[in-house]
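Now for the letters of each chain:
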Amino acid sequence: MLDDLRELYQEVILDHSKRPRNFRHPEDANHEAHGYNPLCGDTVNVYLKMGHNGLIEDAAFEGKGCAISLASASMMTEIIKGKTETEARDIFTGFQKLVKGEEEFIDAGDATDKLMMLAGVKEFPMRVKCATLAWHAMTSAMDNEEEVSTE
Ligand code: ZN
């Protein structure tokens with residue numbers, strides 16, 4: 001990856017960690033789960049408003065942790081809002097392959113750019129759990145499991 005591109009990605013990630021999008025607890029959320037990453041101390045609550053047709057009408061989160069965990073949660077809420085449950089799970093599956101270094105590139109439609117920005121964590125294996133924490137909490141919320149730990 002080119003250095004200036006890497007710098008841009010870092011700026012976007014820093015921006016999301018400093019000013020997380022959808023950082024709130026929607027009163028009409030009907031699915032939620034708590035995620036914990038004991039390796040880093042990251043915690044996250046993910047809130048979803050799921051429509052009857054499987055559409056994610058709203059996605060939000062609250063939590064505290066490192067820049068990667070906050071940025072990934074922030075970007076995730078932007079990505080999955082308006083998607084169906086199946087689409088969101090598929091995007092997460094692709095994202096996991098990216099951060100584990102199993103794929104160099106994935107095509108996830110309009111989510112591709114954001115996912116590729118986070119893909120740099122594959123060079124830092126300790127950070128993979130930070131980057132995927134909110135996503136694990138998302139699938140737990142969909143599965144009506146209240147708690148998820150990366151351990
Ligand atoms: Zn972390």
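Treat the numbers as computed from the prediction; the structure is a model and nothing was measured.

(A) Layout of the coordination of the zinc ion. Within the protein, the atoms that donate to the zinc ion are Cys40 (SG), Asp42 (OD), Asp42 (OD), Cys66 (SG) and Cys130 (SG), at distances of 2.2 to 2.7 Å. Read in sequence order, the donor residues for the zinc ion give the motif C-x1-D-x23-C-x63-C. On the criterion of sequence distance, the pair formed by Asp42 in strand S2 (residues 42-50) and Cys130 in helix H5 (residues 128-142) is long-range, its members being 88 residues apart. Owing to a relative accessible area of 0%, Asp42 belongs among the buried residues under this scheme.

(B) Main features of the environment of Glu62. For Glu62, the location among the structural elements is in strand S3 (residues 56-64). The class for Glu62 is partly exposed, based on a relative accessible area of 28%. Taking the C-alpha atoms as reference points, Glu62 and Leu48, 14 residues apart in sequence, are found 12 Å from one another. When neighbours within four sequence positions are excluded, Glu62 is seen to be in contact with Phe23, Arg24, His25, Thr43, Val44, Asn45 and Tyr47.

(C) Structural context of the packing of helix H2 (residues 67-80) against H5. Two numbers describe how H2 lies on H5: the axes approach to 7 Å, and their chain directions differ by 40 degrees. Considered as vectors, H2 and H5 are oriented oblique to each other. For the element pair H2 and H5, the recorded crossing hand is right-handed. Contacts between H2 and H5 involve Ile68, Ser69, Ser72, Ala73, Met76, Ile79 and Ile80 from the former and Cys130, Ala131, Ala134, Trp135 and Met138 from the latter. Classifying every residue of the contact of H2 with H5 by side-chain character gives 10 nonpolar, two polar and no charged.

(D) Looking closely at a negative patch on the surface. A surface patch of like charges, here negative, comprises Asp3, Asp4, Glu7 and Glu11. Position of Glu11 among the secondary structure elements: in helix H1 (residues 3-18). Since its relative accessible area comes to 53%, Glu11 is described here as exposed.

(E) Geometry of the nonpolar core. Core analysis: the biggest nonpolar cluster contains 45 residues, and Val46, Leu48, Ile80, Leu115, Trp135 and Met138 have the highest contact counts within it. If one sorts the elements of this core by residue count, H5 sits on top with 10 residues. If near-sequence neighbours (up to four positions away) are discounted, Met138 is found in contact with Val46, Leu48, Met76, Ile80, Ala88 and Phe92.

Reading the values: rules and limits
Residues numbered from 1 in each chain as written. Predicted model: local features only at pLDDT ≥ 70, side-chain atom pairs only at ≥ 80, totals over all residues. Heavy atoms only, no water. Donors = N, O, S within 2.8 Å, 3.2 Å for Na, K, Ca; no water. Helix = DSSP H or I, 4+ residues; strand = E, 2+ residues; numbered from the N terminus. Buried < 20%, exposed > 50% of the residue type's maximum accessible area, 1.4 Å probe, protein only. Contact = heavy atoms within 4.5 Å. Axes fitted to C-alpha atoms, helices over the stretch in contact; angles between N-to-C directions. Parallel < 35°, antiparallel > 145°, perpendicular 65-115°, else oblique. Left-handed = near helix turned anticlockwise from the far one by under 90°. Nonpolar A, V, L, I, M, F, W, Y, C, P; charged D, E, K, R; others polar. Patch = residues over 30% accessible without salt bridge, like charges linked within 9 Å, V, L, I, M, F, W, Y side chains within 5 Å. Areas by Shrake-Rupley, 256 points an atom, 1.4 Å probe, with all protein chains shown as cover. Salt bridge = Lys/Arg side-chain N within 4 Å of Asp/Glu carboxyl O. Lys, Arg positive; Asp, Glu negative; His and termini not counted. Charge placed at Lys NZ, Arg CZ, Asp CG, Glu CD. Core = buried A, V, L, I, M, F, W, Y, C linked by side-chain atoms within 4.5 Å.

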